[in-house]
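Structure at a glance
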Amino acid sequence: MINWSSIDTVLLDMDGTLLDQHFDNYFWTEHLPLRYAEANNITEEEARNYLDKHIHNQVGSLQWYCLDHWSTLVDMDIPALKREVLHKIRTRPHATRFLEQLQQLGKKLILITNSHRAGLDIKLEVTEIDRYLDLVISSHDYQSPKEEQAFWTQLQEQEPFDPARTLFIDDTPRILESAERFGVRHLVCITLPDLNMPAREPSRFINVEHFDEIMPTK
Ligand SMILES: [Mg+2]
């Protein structure tokens, strides 16, 4: 499915790709509504409605991914609330072995995430996946999410890569499309980002549920 000898650089998404998206889904749909309801003396349903309205408004914008924005909106310390449930943070099956193998093959490994630095730091602290990575980029560093071409231009400036010899793995088709527009040749979509949910419909990219399907050495 992938000819590893034609790839030098591997760009990897974090949430839903290397890590189980369940943590994020649980945090935003269960833990935050619960804690917000407690803090404001309202029902969990009212809290969920309020948060949903703001979530759906801004999907895919940098602000939507910004923990400072959310902390202001709910008047609570979002990174601190995330730490309350950090036991739910975990890598997806085969992710660590996949990174290990790519590192052994000498591929350049770059994590590119729309996650805010505060959320990113918590996840690296728990999973320690950064020991396999050459570079970790939050799109907040560039003021542009991966959905925008400005992200890719700035990534190319900071860490030059040949898009024709680059593989990008993400669980969000609109982000893979953005990479495709920039010229990234090899694109893989993770169709099972949340281990507690069913797999998603396949995208028009190479679709895999788990990394063992594209492991360089079985
Ligand atoms: Mg993702």
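Parameters at a glance
Residues numbered from 1 in each chain as written. Predicted model: local features only at pLDDT ≥ 70, side-chain atom pairs only at ≥ 80, totals over all residues. Heavy atoms only, no water. Helix = DSSP H or I, 4+ residues; strand = E, 2+ residues; numbered from the N terminus. Rg over C-alpha atoms; globule rule 2.2 N^0.38 Å. Buried < 20%, exposed > 50% of the residue type's maximum accessible area, 1.4 Å probe, protein only. Areas by Shrake-Rupley, 256 points an atom, 1.4 Å probe, with all protein chains shown as cover. Lys, Arg positive; Asp, Glu negative; His and termini not counted. Charge placed at Lys NZ, Arg CZ, Asp CG, Glu CD. Arc of directions from axis to C-beta. Contact = heavy atoms within 4.5 Å. Pairing = 2+ DSSP bridges. Axes fitted to C-alpha atoms, helices over the stretch in contact; angles between N-to-C directions. Parallel < 35°, antiparallel > 145°, perpendicular 65-115°, else oblique. Left-handed = near helix turned anticlockwise from the far one by under 90°. Nonpolar A, V, L, I, M, F, W, Y, C, P; charged D, E, K, R; others polar. Phe/Tyr/Trp six-rings, centres within 6.5 Å; stacked < 30°, edge-to-face > 60°. Lys NZ or Arg CZ within 6 Å of the ring centre and 35° of its normal.

In this section: the overall build of the protein. Across its full length, the protein carries eight helices and six strands. Relative to the 2.2 N^0.38 estimate, which gives 17 Å for 218 residues, the radius of gyration of the protein is 18 Å and therefore close to what a compact globule would have. Taken over the C-alpha atoms alone, the protein extends approximately 60 × 35 × 30 Å along its principal axes. Going through the 218 residues of the protein one by one, you find that 52% of them count as buried. Working note: accessible area of the protein is about 10,100 Å², and carbon and sulfur atoms make up 47% of it. Counting 22 positive and 36 negative side-chain charges, the protein places the centres of these two groups 4 Å from one another.

Bringing helix H7 (residues 149-158) into the picture now. Here H7 has its buried residues at Phe-151, Trp-152 and Leu-155. Within H7, the buried residues cover an arc of 90° as seen down the axis, which keeps them to one side. Of the surrounding secondary structure, the elements contacted by the buried residues of H7 are strand E1 (9-12), strand E2 (108-113), strand E3 (135-138), strand E4 (166-170) and helix H8 (173-182).

In E1, alternate side chains face the same way, and those of Thr-9 and Leu-11 on one face and Val-10 and Leu-12 on the other are all buried. Relative to E2, E1 runs parallel, the two being bridged by four bridges. Considered in E2, the bridge of Leu-11 is made with Ile-110.

The subject of this paragraph is the sheet that holds strand E6 (residues 206-208). In space, the six strands of this open sheet follow the order E3-E2-E1-E4-E5-E6, with parallel pairing throughout. Edge positions in the open sheet fall to E3 and E6, since each of these has one partner strand only. Neighbour-to-neighbour, the strand axes of the sheet open up by a mean angle of 20°, direction not taken into account. Relative to E3, E2 runs parallel, the two being bridged by four bridges. Bridging across to E3, Leu-111 finds its partner in Val-136. Taken strand by strand, helix H6 (residues 117-127) contacts E2 and E3, and its axis lies near 145° from that of E3. Sheet contacts for H7: E1, E2, E3 and E4; angle to E3, the most-contacted strand, approximately 150°.

Contact pair H7 / H8: the axes reach a minimum separation of 9 Å and the direction vectors enclose 55°. If you check the angle between H7 and H8, you find them oblique. For the pair H7 and H8, the sense of crossing is right-handed. Facing Gln-149, Trp-152, Thr-153 and Gln-156 of H7, the residues of H8 in contact are Ser-178, Ala-179, Arg-181 and Phe-182. Across the contact of H7 with H8, the residue classes tally to three nonpolar, four polar and one charged.

A few words now on the packing of aromatic side chains. Scanning all chains against the criterion turns up 11 aromatic pairs. When the ring of Phe-98 is compared with that of Phe-211, the centres are 4.6 Å apart and the planes differ by 20°; the resulting orientation is stacked. In this pair, Phe-98 is assigned in helix H5 (residues 95-104) and Phe-211 in the segment after E6, connecting sequence segments 113 residues apart. For Phe-98, a relative accessible area of 0% puts it in the buried group. On the basis of relative accessibility, which here comes to 0%, the residue Phe-211 falls in the buried class. Arranged with centres 5.1 Å apart and planes meeting at 85°, the rings of Phe-151 and Trp-152 form a pair that is edge-to-face. Pair check on accessibility: Phe-151 and Trp-152 agree, each one buried. Here the aromatic residues Tyr-142, Phe-151, Trp-152, Phe-161, Phe-168 and Phe-182 are joined through ring pairs into a cluster of three or more. Sitting above the plane of the Phe-27 ring, Lys-82 keeps its charged end 5.4 Å from the centroid. One residue, Lys-88, lies across the ring of Tyr-26, its end atom 4.4 Å from the ring centre.

Functional significance is not addressed by these values, which are geometric in nature.
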